[in-house]
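For reference, the chains in residue letters:
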Amino acid sequence: MVDIILNNEKKHATYEYIINKLNREGALHFSLIDPDPFRQSPSKAAKMGKLAEQAGTDAILVGGSTAFDQVYVDKTIELIKKDVQVPIIIFPGGFANVSKRADAILFMSVLNSNNHYFFIGYQALGSYLVKMAGIEHIPMGYLIIEPGASAGWISDAKLLPRNKPKLTAAYSLAAEMFGFKLIYLEAGSGGNSIPPEIIKLCSQVLSIPIIAGGGVQTKEDAAAFVEAGADIIVMGTFLENNLMKDKGASLKVIIDAIKDTAKNSNNRRTFQKI
Ligand code: 1GP
């Protein structure tokens, strides 16, 4: 039994893909698809994944705070994977999000939660699941900034204040010192996005890539994130509202803006594989 758990090989292909692509292109775009029956069926999720890939997205994140059913998550990933070449990375809200069909999982800890369960409890109990699934796990510090939306409420976060960049940067730096390979700055889905000053200070103090998400709706929003120093921009709600309607045309405009802004910016960092 222990062999089943321990013999699974650890791979780093997705993390290396992220670092290599970041060093080549300066900034990446990740498309978030929430495997939630209240939002879409697995087959619609697969169509969305394909359209996002055609629009130029660099990876598909599958997950969300309210994805509760492992079978549904599994089916969603299975169908997306049939049609899509870019990596599929789990962005877990809990155990139900773990699936061996994904390329990797963001093995994340909500570092500003009031509840230890969200920074080490779930992860300890889920560690065997991840090991048995045999998928690459990328350690990631997750920080939730006001207003936080569902992610903030569900993970009982002590929300980081929007007007105190130094606090979020301090949590980010501590996460890097602990050995996390990525930092995710989250303002919550569908709400106010993160103030660029926070991203800017974090990018000045960190050596690891910054993922930023929550409320990105326009090419101006996305470009402002990249200019501030975000390395990976995540969008979810925009995809749900627009992808099927315009077949990815408006998403492509935003992704092109991300790539152009990074290319023309003189503040891009280069990353080491750690
Ligand atoms: C979730 O922040 C992302 O982590 C997505 O937010 O749905 O607002 O794009 P949106």
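Above this text you will find the structure in question.
Residues numbered from 1 in each chain as written. Predicted model: local features only at pLDDT ≥ 70, side-chain atom pairs only at ≥ 80, totals over all residues. Heavy atoms only, no water.

A. Up close: the overall build of the chain. Helices and strands together make up the secondary structure of the chain, namely 11 helices and eight strands. Computed over its C-alpha atoms, the radius of gyration of the chain comes to 17 Å, within 12% of the 19 Å expected for a compact globule of 274 residues. If one aligns the C-alpha atoms of the chain with their principal axes, the spans along those axes are about 50 × 40 × 35 Å. Looking at the 274 residues of the chain, the share that counts as buried comes to 53%. Accessible surface computed for the chain: about 12,200 Å², of which carbon and sulfur atoms make up 55%. Distance between charge centroids for the chain: 2 Å, based on 29 positive and 27 negative side chains. (Helix = DSSP H or I, 4+ residues; strand = E, 2+ residues; numbered from the N terminus. Rg over C-alpha atoms; globule rule 2.2 N^0.38 Å. Buried < 20%, exposed > 50% of the residue type's maximum accessible area, 1.4 Å probe, protein only. Areas by Shrake-Rupley, 256 points an atom, 1.4 Å probe, with all protein chains shown as cover. Lys, Arg positive; Asp, Glu negative; His and termini not counted. Charge placed at Lys NZ, Arg CZ, Asp CG, Glu CD.)

B. Expanded view of the packing of helix H3 (residues 42–55) against helix H4 (residues 70–83). Relative orientation of the contacting elements H3 and H4 amounts to 40 degrees, with a least axis distance of 8 Å. Here H3 lies oblique to H4, going by the angle between them. Crossing handedness for the pair H3 and H4: right-handed. Of the residues in H4, those in contact with Pro 42, Ser 43, Ala 45, Ala 46, Gly 49, Lys 50 and Glu 53 of H3 are Tyr 72, Lys 75, Thr 76, Leu 79, Ile 80 and Asp 83. (Axes fitted to C-alpha atoms, helices over the stretch in contact; angles between N-to-C directions. Parallel < 35°, antiparallel > 145°, perpendicular 65-115°, else oblique. Left-handed = near helix turned anticlockwise from the far one by under 90°. Contact = heavy atoms within 4.5 Å.)

C. The sheet that holds strand E5 (residues 136–144), seen in detail. A barrel is described by the order of its strands in space; here eight strands give the closed sequence E1-E2-E3-E4-E5-E6-E7-E8, paired in parallel fashion. Across this sheet, the average inter-strand angle for adjacent strands is 30 degrees, counted without regard to direction. Relative to strand E8 (residues 232–235), strand E1 (residues 28–33) runs parallel, the two sharing four bridges. Within E8, the residue paired with Leu 28 across the bridge is Ile 232. On top of the sheet, helix H5 (residues 116–133) reaches strand E4 (104–110) and E5; it is set at about 155 degrees to E4, its chief contact. (Pairing = 2+ DSSP bridges.)

D. Here's a closer look at the layout of surface pockets. There is about 830 Å³ of room inside the largest pocket. Forming the boundary of the largest pocket are 49 residues, of which Gly 64, Ser 65, Phe 91, Pro 92 and Gly 93 lie nearest the centre. Those elements that provide at least two residues to the lining of the largest pocket are E4, H5, helix H6 (149–154), strand E6 (182–186), E8 and helix H10 (237–246). With six residues, E4 is the largest single contributor of residues to the lining of the largest pocket. For the lining of the largest pocket, the residue count by class is 25 nonpolar, 20 polar and four charged. (1 Å grid on protein atoms, 1.4 Å probe; cavity = no way out; pocket = protein on both sides within 12 Å on 5 of 7 lines; lining within 4 Å. Points joined across faces, edges and corners; volume = space filled by probe spheres on them. Nonpolar A, V, L, I, M, F, W, Y, C, P; charged D, E, K, R; others polar.)

E. The arrangement of the site of the ligand in detail. In the vicinity of the ligand, the residues found are Leu 32, Phe 91, Tyr 184, Glu 186, Ser 189, Gly 190, Gly 213, Gly 214, Gly 215, Met 235, Gly 236 and Thr 237. Between the ligand and the protein, one listed contact pairs an oxygen atom with a side-chain N or O atom of Tyr 184 at 2.7 Å. Separating an oxygen atom of the ligand from a backbone N or O atom of Gly 190 is a distance of 2.7 Å. Protein contact buries 97% of the 300 Å² of open area that the ligand shows by itself. Most atoms of the ligand, that is more than half of them, are within 2 Å of grid points of the largest pocket. A class-by-class count of the residues in the shell around the ligand yields four nonpolar, seven polar and one charged. (Near = heavy atom within 4 Å. Polar contact = N/O pair within 3.5 Å; in protein donor to acceptor, adjacent residues only side chain to side chain. Sits in = over half its atoms within 2 Å of the grid points.)

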